[in-house]
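Coordinates in review
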Amino acid sequence: MKKRLLPFALVLCLAATALQVQADTPIQGEPQLALQRTPITAGMYIIDAQVAMSPREREIGLMFRKEMPAQEGMLFVFDTPATQCFWMKNTLLPLTAAFVADDGTIVNLVDMKPLSEASHCSTKPVRYVLEMNQGWFDKRGIKSGTRLSGRPFTAGK
């Protein structure tokens, strides 16, 4: 009897694992809302940033989001500094991308229009890109040269 149950138990275990992986992966056309978060400080402002680290998380980014609270954003983390370029295909919100050096210094800011396939790039190699609602940086006087702080930008990584 026990030998007959073992294959059945194995199939149930594999099915449960597959369902869990599916639950953690957004369905095509759905926003990703369950990413890990990290606080980032910009002057006196604290940003609640979702962290997109894997290629798939970075590919989806803020696509399909219909709204985003003012204090939230998404931090894209790449393995090595490079010229990073972003577009807004399937992204419904107007955003500003802050291209950020390893030490947290904003290299350049670019406003991006929803649903556009125009490419927006960093002016220098960077490892990080922080997307916020368009106008968030402007309203707070945050510009190129401003230094962000938080766990991603700490020395000795």
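What comes next is a walk through the structure. Keep in mind that this is a model prediction, so the values were computed, not measured. (Residues numbered from 1 in each chain as written. Predicted model: local features only at pLDDT ≥ 70, side-chain atom pairs only at ≥ 80, totals over all residues. Heavy atoms only, no water.)

**Here we look at the environment of valine 107**
Quick reminder of the rule: Labels follow the DSSP assignment, with helices taken as runs of H or I lasting at least four residues and strands as runs of E lasting at least two, numbered in each case from the N terminus. When checking whether two residues touch, look at their non-hydrogen atoms; a contact exists if any pair is within 4.5 Å.
Of note, valine 107 is situated in strand S6 (residues 106-112). A C-alpha to C-alpha distance of 8.1 Å links valine 107 and valine 126, two positions 19 residues apart in sequence. What valine 107 contacts, discounting residues up to four positions off in sequence, is Phe99, Val100, Ala101, Thr123, Lys124, Val126 and Ser144.

**Looking at the sheet that holds strand S8 (residues 126-133)**
For the record, the criterion: Pairs of strands are assigned from DSSP output, requiring at least two bridges between the strands. Only C-alpha atoms enter the line fits that serve as axes; for helices the fit covers just the stretch in contact. Angles between N-to-C directions range over 0 to 180 degrees.
Strand order in this open sheet of seven strands is S6-S5-S8-S3-S2-S1-S9, and the pairing throughout is mixed. In this open sheet, the two strands that pair with only one neighbour each are S6 and strand S9 (148-150). Taking each pair of neighbouring strands and ignoring which way they run, the sheet shows an average axis angle of 30°. In this sheet, S9 lies alongside strand S1 (residues 37-42) in antiparallel orientation, the contact comprising three bridges. When the bridges of S9 are listed, threonine 41 appears paired with serine 149.

**A look at the state of the cysteines**
Stated formally: Disulfides are defined in this document as cysteine sulfur pairs within 2.5 Å. The classification of residues rests on relative accessible area computed with a 1.4 Å probe and restricted to protein chains. Under 20% of the type maximum is buried, over 50% is exposed, and intermediate values are partly exposed.
Enumeration over the complete set of coordinates arrives at one disulfide. Each sulfur of the disulfide joining cysteine 85 and cysteine 121 lies 2.0 Å from the other. Between cysteine 85 and cysteine 121, the S-S dihedral sits near 110°, and the bridge is therefore right-handed. Here cysteine 85 is found in strand S4 (residues 85-86), whereas its partner cysteine 121 is found in strand S7 (residues 120-121), with 36 residues between them in sequence. Taking the relative accessible area as the measure of exposure, cysteine 85 reaches 42% and is therefore partly exposed.

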